[in-house]
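Observations on chain architecture
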Amino acid sequence: MRKFIAVVLIVVGSLFALSDLLLGIETILSVLVNWSSDAYNLGFNVGQLVFVILFGFISYWLIKKGIQLFKAVPIKES
């Protein structure tokens, strides 16, 4: 059961990473197109970049925890 949960975490983390990659590309393109110095566009672009970075950390953490759980030594009961 532990390995099943580990594989699920790795798959979900990988899907999050793929969507984060696509969102990052779209965000970078929108930042380059909408580059201006007014407060609304600047705040929107910074918010988008922060969201992509945080979403990337979440996907990295899910994959890392899944690998750790997959490699963990099972507890032996006496």
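Everything here concerns the structure above.
Below: a short report on this structure. Note that this is a predicted model, so its numbers are computed, not measured. (Residues numbered from 1 in each chain as written. Predicted model: local features only at pLDDT ≥ 70, side-chain atom pairs only at ≥ 80, totals over all residues. Heavy atoms only, no water.)

All right, on to helix α1 (residues 2-33) then. For α1, with 32 residues, the first-to-last C-alpha span of 46 Å sits near the 46 Å given by 1.5 Å per residue. Residues of α1 that are buried: A6, G13, D20, G24, T27, S30 and V31. The inward-facing, buried residues of α1 contact α2 (39-71). (Helix = DSSP H or I, 4+ residues; strand = E, 2+ residues; numbered from the N terminus. Expected span 1.5 Å × (residues − 1). Buried < 20%, exposed > 50% of the residue type's maximum accessible area, 1.4 Å probe, protein only. Contact = heavy atoms within 4.5 Å.)

On to the packing of α1 against α2. In the contact formed by α1 and α2, the axes pass within 8 Å of each other and the chain directions differ by 160 degrees. Our classification of the angle between α1 and α2 gives roughly antiparallel. Between α1 and α2 lies a crossing whose hand is left-handed. A breakdown of the residues in the contact of α1 with α2 according to their chemical character gives 20 nonpolar, 10 polar and four charged. (Axes fitted to C-alpha atoms, helices over the stretch in contact; angles between N-to-C directions. Parallel < 35°, antiparallel > 145°, perpendicular 65-115°, else oblique. Left-handed = near helix turned anticlockwise from the far one by under 90°. Nonpolar A, V, L, I, M, F, W, Y, C, P; charged D, E, K, R; others polar.)

Per the counting criterion, the structure on display carries three aromatic pairs. Look at F16 and F55: their rings are 5.2 Å apart centre to centre, the planes differ by 35 degrees, and that puts the pair in the tilted class. In this pair, F16 is assigned in helix α1 and F55 in helix α2, connecting sequence segments 39 residues apart. According to the relative accessible area criterion, F16 is partly exposed, its value standing at 31%. Ring centres 5.6 Å apart and planes at 20 degrees place the aromatic pair F51 and F55 in the stacked group. Of this pair, F51 and F55 both sit in helix α2, four residues apart, roughly one helical turn. Ring-pair connections join several aromatic residues into one group, and the members of that group are F16, F51 and F55. Here the guanidinium or amino end of K3 rests over the ring plane of F70, the centre of that ring lying 4.7 Å away. (Phe/Tyr/Trp six-rings, centres within 6.5 Å; stacked < 30°, edge-to-face > 60°. Lys NZ or Arg CZ within 6 Å of the ring centre and 35° of its normal.)

By the secondary structure assignment, I58 is in helix α2. Since its relative accessible area comes to 43%, I58 is described here as partly exposed. Distance from I58 to S37, taken between C-alpha atoms, is 30 Å for residues 21 residues apart in sequence.

This is a description of form; function is not addressed.
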